[in-house]
Amino acid sequence: KAPRGTAERQGMAARLKRCVVRRRDGPEQHGVAASSLRELRDKACDVLAIDKAREPITLVLEEDGTIVDDEDYFLCLPSNTKFVALAKDEKWSSKSLDRGTSWLSESVDEVDSAAEKWKQLARQLKDDLSNIILMSEEDLQVLIDVPRSDLAEELAQSETKIQVLQDTLQQALDRREEERQSRQLLQLYLEALKNEDSILSKVAEPEAAPRKEMDVVDTGTSSTDTSATTALRDQVLAALKEKPAPELCLDSQDLELVLKEDAAALASALGWDKQKAGALQEACDQELSKRLKQVQTLHSLRSTSKGKKALPWGDWPSAKRRK
């Protein structure tokens, strides 16, 4: 029979949960064993050398940024769960390119990052095929470019079915391109009508028109808010400026960020007037609503089907377009 002290130590070791902790912006990971959430916080502060002035820290799941502040929830997590330690005033954020790994060091090799990206996107499709609707054009292109054999191995499907999947992704990408071209043509048509109305008004009022133009210039400069700031990433802002229909290029998460922005701050960041920024937010709102309705429709169809299963891999329609 083991001594009492030995038995207590064995029982304590059995209750310890192995965890992995890291800082938000640091590449180094540290293994920590803790029996409670409080103990994990204390050990994380020590092993990550977090200044006492920056405590208390917040622990979030590395996978999706879920805040872990409940002991019962902590005990339900599996061993080797990865946590990110956020010091005081730090916030967790996710990026559309890497799906929530924004704290990774910039020194990570680009090839490894690209490989990790397509695998994450593939796992999203494996969980729910309706995620195709929520992906950005860039995400769709990444999955289309993946070698068929690699994608088949990741999804545990035959290469024939993966070919159907990639053809379906190409169809979705083509449809968005067609929508963009249609919107661009409509925009050019509306601008032509506006220019025509402007010419007619100048002919009807040859003397009043120059003064009105001067008024427009004066009021435009006074309404510029140079102190406005925006939380959008440079990549999103670049897409908003350069793309003719940027709402089609962004994934659903970035669309939500655009909608949450103050119209004045967004206009200042893009160098636009407030009216144009408001129109952009309205277009993003419509695109996001359309995607969510499509997802709801797919779920509704699944729930009413006899098998009540996800869309079968073998029943996809044959693709009409190929890359």
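Residues numbered from 1 in each chain as written. Predicted model: local features only at pLDDT ≥ 70, side-chain atom pairs only at ≥ 80, totals over all residues. Heavy atoms only, no water.

As named in an unreviewed UniProt entry, the protein is DFFA factor, taken from Acrocephalus arundinaceus.

Attention now goes to helix H6 (residues 148-155). Among the residues of H6, those classed as buried are Leu-151, Ala-152 and Leu-155. Axial view of H6: buried residues confined to an arc of 100°, hence all on one face. Positioned one or two residues after H6, Ala-156 has a phi angle of 60°, which is positive. (Buried < 20%, exposed > 50% of the residue type's maximum accessible area, 1.4 Å probe, protein only. Helix = DSSP H or I, 4+ residues; strand = E, 2+ residues; numbered from the N terminus. Arc of directions from axis to C-beta.)

Once that is clear, we can look at the packing of helix H9 (residues 234-242) against helix H11 (residues 263-270). Contact geometry of H9 with H11 gives a least axis separation of 10 Å together with a crossing angle of 80°. Comparing the axis directions of H9 and H11 gives the class roughly perpendicular. On the side of H9, the interface is formed by Leu-237, Leu-240 and Lys-241, while H11 contributes Leu-266, Ala-269 and Leu-270. Classifying every residue of the contact of H9 with H11 gives five nonpolar, no polar and one charged. (Axes fitted to C-alpha atoms, helices over the stretch in contact; angles between N-to-C directions. Parallel < 35°, antiparallel > 145°, perpendicular 65-115°, else oblique. Contact = heavy atoms within 4.5 Å. Nonpolar A, V, L, I, M, F, W, Y, C, P; charged D, E, K, R; others polar.)

A few words on the sheet that holds strand S1 (residues 17-23). Strands sit in the order S2-S1-S4-S3 across an open sheet of four strands; the sheet is mixed. In this open sheet, the two strands that pair with only one neighbour each are strand S2 (30-34) and strand S3 (58-61). Put simply, the sheet's adjacent strands are angled 40° from each other on average, direction ignored. The pairing of S3 with strand S4 (residues 81-86) spans four bridges and is classified as antiparallel. The residue bridging Val-60 from the neighbouring strand is Val-84, located in S4. Where helix H2 (residues 37-47) meets the sheet, its contacts fall on S1, S2, S3 and S4, and the angle it forms with S2 comes to roughly 150°. (Pairing = 2+ DSSP bridges.)

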